[in-house]
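Now for the letters of each chain:
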Amino acid sequence: VAGAACSLLAEGSGAGAVAGILPFTAGGFIYLGTVSVIPEILRNSGPAQALLQLLALLAGVAMMLLIAHYE
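Residues numbered from 1 in each chain as written. Predicted model: local features only at pLDDT ≥ 70, side-chain atom pairs only at ≥ 80, totals over all residues. Heavy atoms only, no water.

Selection criterion: UniProt positions are given in the numbering used here, feature names are shortened, and annotations may be inferred rather than shown by experiment.
The name given to the chain in an unreviewed UniProt entry is Zinc transporter SLC39A7, with Climacteris rufus as the source organism. We quote the UniProt Subcellular location (unreviewed entry) comment for the chain here in full: "Golgi apparatus, cis-Golgi network membrane". The chain has a UniProt comment under Catalytic activity (unreviewed entry) that states "Zn(2+)(in) = Zn(2+)(out)".

Structure representation (structure tokens):
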């Protein structure tokens, strides 16, 4: 919540502030998502299924990077 608030506050501050805070905020959301998802993936599936789900998770992160790069 603090990262999202900082990001919203810095939005009107100029490109320099946004360029520094937005990656930090996005990283926090990605970290929280993976911390809650990966243990459940490993607990509830076999090794092949866990690998496929992990690859799908990484593909989602890669898509976010591509969207951010070309936006």
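**Focus: the overall build of the chain**
Note the threshold: A run of H or I in DSSP counts as a helix once it spans at least four residues, and a run of E counts as a strand once it spans at least two, with each numbered from the N terminus. Partly exposed describes any residue whose relative accessible area lies between the buried limit of under 20% and the exposed limit of over 50%, with all areas from a 1.4 Å probe on protein chains only and scaled to the type maximum. Here the open area of atoms and residues is found with the Shrake-Rupley method and a 1.4 Å probe, where only the protein chains shown may cover a residue.
Secondary structure assignment for the chain yields 3 helices and 0 strands. By the burial criterion, 7% of the 71 residues in the chain qualify as buried. Put simply, the chain shows about 5500 Å² of open surface, and 75% of that area lies on carbon and sulfur atoms.

**Things to note about the layout of surface pockets**
How we decide: Note on definitions: the grid is 1 Å and covers protein atoms alone; a cavity is a set of points where a 1.4 Å probe fits but cannot get out; a pocket is an open set with protein on both sides within 12 Å along at least five of seven lines; lining residues have an atom within 4 Å of a point. Grid points are joined across faces, edges and corners, and a volume is the space filled by probe spheres set on the points. Amino acids are sorted into nonpolar (Ala, Val, Leu, Ile, Met, Phe, Trp, Tyr, Cys and Pro), charged (Asp, Glu, Lys and Arg) and polar (every other residue, Gly among them).
What the largest pocket holds in volume is close to 370 Å³. Lining the largest pocket, in full, are Leu-22, Pro-23, Ala-26, Phe-29, Ile-30, Val-61, Met-64, Leu-65, Ile-67, Ala-68 and Glu-71. Those elements that provide at least two residues to the lining of the largest pocket are α2 (15-44) and α3 (47-70). Of the residues that constitute the lining of the largest pocket, the class distribution is 10 nonpolar, no polar and 1 charged.

**A short note on the UniProt feature "transmembrane region" (unreviewed entry) in the chain**
The feature "transmembrane region" (unreviewed entry), as given by UniProt, occupies residues 17-38 and 50-70 in the numbering adopted here. Annotation note: span residues 50-70, helix share 100%, strand share 0%, distance between end C-alpha atoms 30 Å.

**Let's talk about the confidence of the model for the chain**
Predicted coordinates in regions of low pLDDT should not be interpreted in detail. To keep it simple, the criterion reads: The quantity called pLDDT is the predictor's confidence in a given residue, expressed from 0 to 100.
In this model, the chain carries an average pLDDT of 77, and 80% of its residues clear a pLDDT of 70 or more. Looking across the chain, the model is least confident in helix α1 (residues 2-10), with a mean pLDDT of 71, and most confident in α3, with 84.

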